[in-house]
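Listed below, chain by chain, are the residues.
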Amino acid sequence: MPKTPTVRSTSIAGLLTATSLVLALSGCATYDVTAPADARADAPAAAVKEKDARVAAAADGKNGAGKNRPGKNGSARGGAGPEVDCRKAKCVALTFDAGPSENTDRLLDILKKEQVHATFFMLGKNHVDKRPAEVKRIDAEGHELANHTWSHQILTEIDPAEAKRELSRLQDAVHKITGKSPRLMRPPQGRTDGEVSRISKELGLAQVLWSVTAKDYQTNDSALITKRVLEQTERDGIILLHDIYKGTVPAVPGILKELKKRGYTVVTVSQLLSPAKPEPGMVYRP
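About the thresholds
Residues numbered from 1 in each chain as written. Predicted model: local features only at pLDDT ≥ 70, side-chain atom pairs only at ≥ 80, totals over all residues. Heavy atoms only, no water. Helix = DSSP H or I, 4+ residues; strand = E, 2+ residues; numbered from the N terminus. Buried < 20%, exposed > 50% of the residue type's maximum accessible area, 1.4 Å probe, protein only. Polar contact = N/O pair within 3.5 Å; in protein donor to acceptor, adjacent residues only side chain to side chain. Contact = heavy atoms within 4.5 Å. Expected span 1.5 Å × (residues − 1). Salt bridge = Lys/Arg side-chain N within 4 Å of Asp/Glu carboxyl O. 1 Å grid on protein atoms, 1.4 Å probe; cavity = no way out; pocket = protein on both sides within 12 Å on 5 of 7 lines; lining within 4 Å. Points joined across faces, edges and corners; volume = space filled by probe spheres on them. Nonpolar A, V, L, I, M, F, W, Y, C, P; charged D, E, K, R; others polar. Disulfide = S-S within 2.5 Å. Arc of directions from axis to C-beta. Pairing = 2+ DSSP bridges. Right-handed = clockwise from strand over helix to strand, strands pointing away.

Some words on the side chain of Thr 233
Phase 1 of the analysis: Position of Thr 233 among the secondary structure elements: in the loop between α8 (222-232) and β9 (237-242).
Phase 2 of the analysis: Given the relative accessible area of 8%, Thr 233 is considered buried.
Phase 3 of the analysis: For Thr 233, the side chain forms a polar contact with the main-chain oxygen of Val 229, separated by 2.7 Å.
Phase 4 of the analysis: Ignoring sequence-local partners within four residues, the contact set of Thr 233 consists of Val 92, Val 212, Ile 239, Leu 259 and Tyr 264.

Shown next, in the form of structure tokens:
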């Protein structure tokens, strides 16, 4: 029997929370799923108050907004640049999987020019381990560091101990390079279940899926990649691209230009969720 997700949703902010679906008789493993807007609505009162204070301070120009400061535990916080309030702004999160690669520096140049920050779900083998300079630059320029496993094994198809190694090995590698540990992970092919969620929670990782895919692994046609992204993008969406493919990075300037023209604010995943903080084990899916 397939694993059954439990969907967290709200109609009144702060009043409803996720309740795990109990299927003891069937033996089905479950996991919790929530959308970015529902996560924001369910944020604890203290987090909302803190967010409101930061927004107000940023508006007054008093808080030195624009610096990406790690938390006390050295975790990789998303949210560089001016304080963004996605409760009010028309936000969309931009994410890149499976890098860094030989294309990453060019991508970072584009993002810097456009003053946009993204979330990078990085692979370890032949990527993080081969390109520590790019990992350092991703972090130094205020982007969000995230986990896409060490070698892209499908986590639902391997032994739980091996799945944990796939995630923890990447965590250790990124921390060694930057001094920070990712708080987000994206399971390869978006395939997760109750066991993967349990492991993610144990490692302090929230899971992030997507709502927009250009399927850039199928084509190097930058115009087609751009078209696919723009056709699918809606408020609170999460865009999935790959900086490892030849046609993707050349598409990014046009994508960003049109998104801005349509009134979108492009953010990291953690900015999209704020004032909520990524909850370990939770699956975030627009």
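Back to the text.
Description of helix α2 (residues 45-60)
An α-helix turns once every 3.6 residues. As a result, residues three or four positions apart point the same way.
Phase 1 of the analysis: Its 16 residues place the ends of α2 23 Å apart at the C-alpha level, agreeing with the 22 Å of an ideal helix rising 1.5 Å per residue.
Phase 2 of the analysis: Of the residues trailing α2, Gly 61 is marked for its positive phi of about 70°.

Topic: the pattern of salt bridges
Phase 1 of the analysis: This model, assessed by the stated rule, comprises 22 salt bridges.
Phase 2 of the analysis: Glu 157 is paired through a salt bridge with Arg 191; the nearest N and O atoms lie 2.6 Å apart. Note that Glu 157 is positioned in the loop between β5 (144-147) and α6 (160-178) and Arg 191 in the loop between β6 (184-185) and α7 (194-202), a separation of 34 residues in sequence.
Phase 3 of the analysis: Here Arg 191 falls in the partly exposed class, since its relative accessible area comes to 33%.
Phase 4 of the analysis: One salt bridge in this structure joins Lys 227 and Glu 231, with 2.6 Å as the shortest N-O distance. Taken together, the positions of Lys 227 and Glu 231, both in helix α8 and four residues apart, correspond to about one turn of that helix.
Phase 5 of the analysis: Taking the relative accessible area as the measure of exposure, Lys 227 reaches 47% and is therefore partly exposed.

Things to note about the layout of surface pockets
Phase 1 of the analysis: By volume, the second largest pocket is sized at about 250 Å³.
Phase 2 of the analysis: Forming the walls of the second largest pocket are 18 residues, and the residues nearest its centre are His 152, Gln 189, Tyr 217, Leu 240 and His 242.
Phase 3 of the analysis: Looking at side-chain class alone, the lining of the second largest pocket contains nine nonpolar, six polar and three charged residues.

Details of the state of the cysteines
Two cysteines joined by a covalent bond between their sulfur atoms form a disulfide.
Phase 1 of the analysis: Enumeration according to the criterion identifies one disulfide in this entry.
Phase 2 of the analysis: Put simply, Cys 86 and Cys 91 are joined by a disulfide, and their sulfur atoms are 2.2 Å apart. Taking the sign of the S-S torsion, about -90° here, the bridge from Cys 86 to Cys 91 comes out left-handed.
Phase 3 of the analysis: A relative accessible area of 0% means that Cys 86 is categorised as buried.
Phase 4 of the analysis: Given the relative accessible area of 0%, Cys 91 is considered buried.

Brief notes about α8
Phase 1 of the analysis: Within α8, the full set of buried residues consists of Ile 225, Thr 226, Val 229 and Leu 230. Looking straight down α8, one finds that the buried residues subtend no more than 125° of arc, so they occupy a single side. Of the residues in α8, the exposed ones pointing more than 90 degrees away from the buried face are Ala 223 and Glu 231.
Phase 2 of the analysis: Looking at the buried residues of α8, the elements they touch are β8 (212-213), β9 and α9 (252-261).

Some details on the pairing of β9
Phase 1 of the analysis: The element β9 is extensively covered by neighbouring structure, given that six of its six residues are classed as buried.
Phase 2 of the analysis: With burial as the criterion, each face of β9 is covered, one bearing Gly 237, Ile 239 and Leu 241 and the other bearing Ile 238, Leu 240 and His 242.
Phase 3 of the analysis: In the sheet, strand β3 (residues 91-97) pairs with β9 via six bridges, with the strands oriented parallel. Along β9, the bridge assignment pairs Thr 95 with Leu 240.
Phase 4 of the analysis: Here β8 pairs with β9 via two bridges, running parallel. Considered in β9, the bridge of Thr 213 is made with Leu 240.
Phase 5 of the analysis: Note on the crossover from β8 through α8 to β9: the handedness is right-handed.

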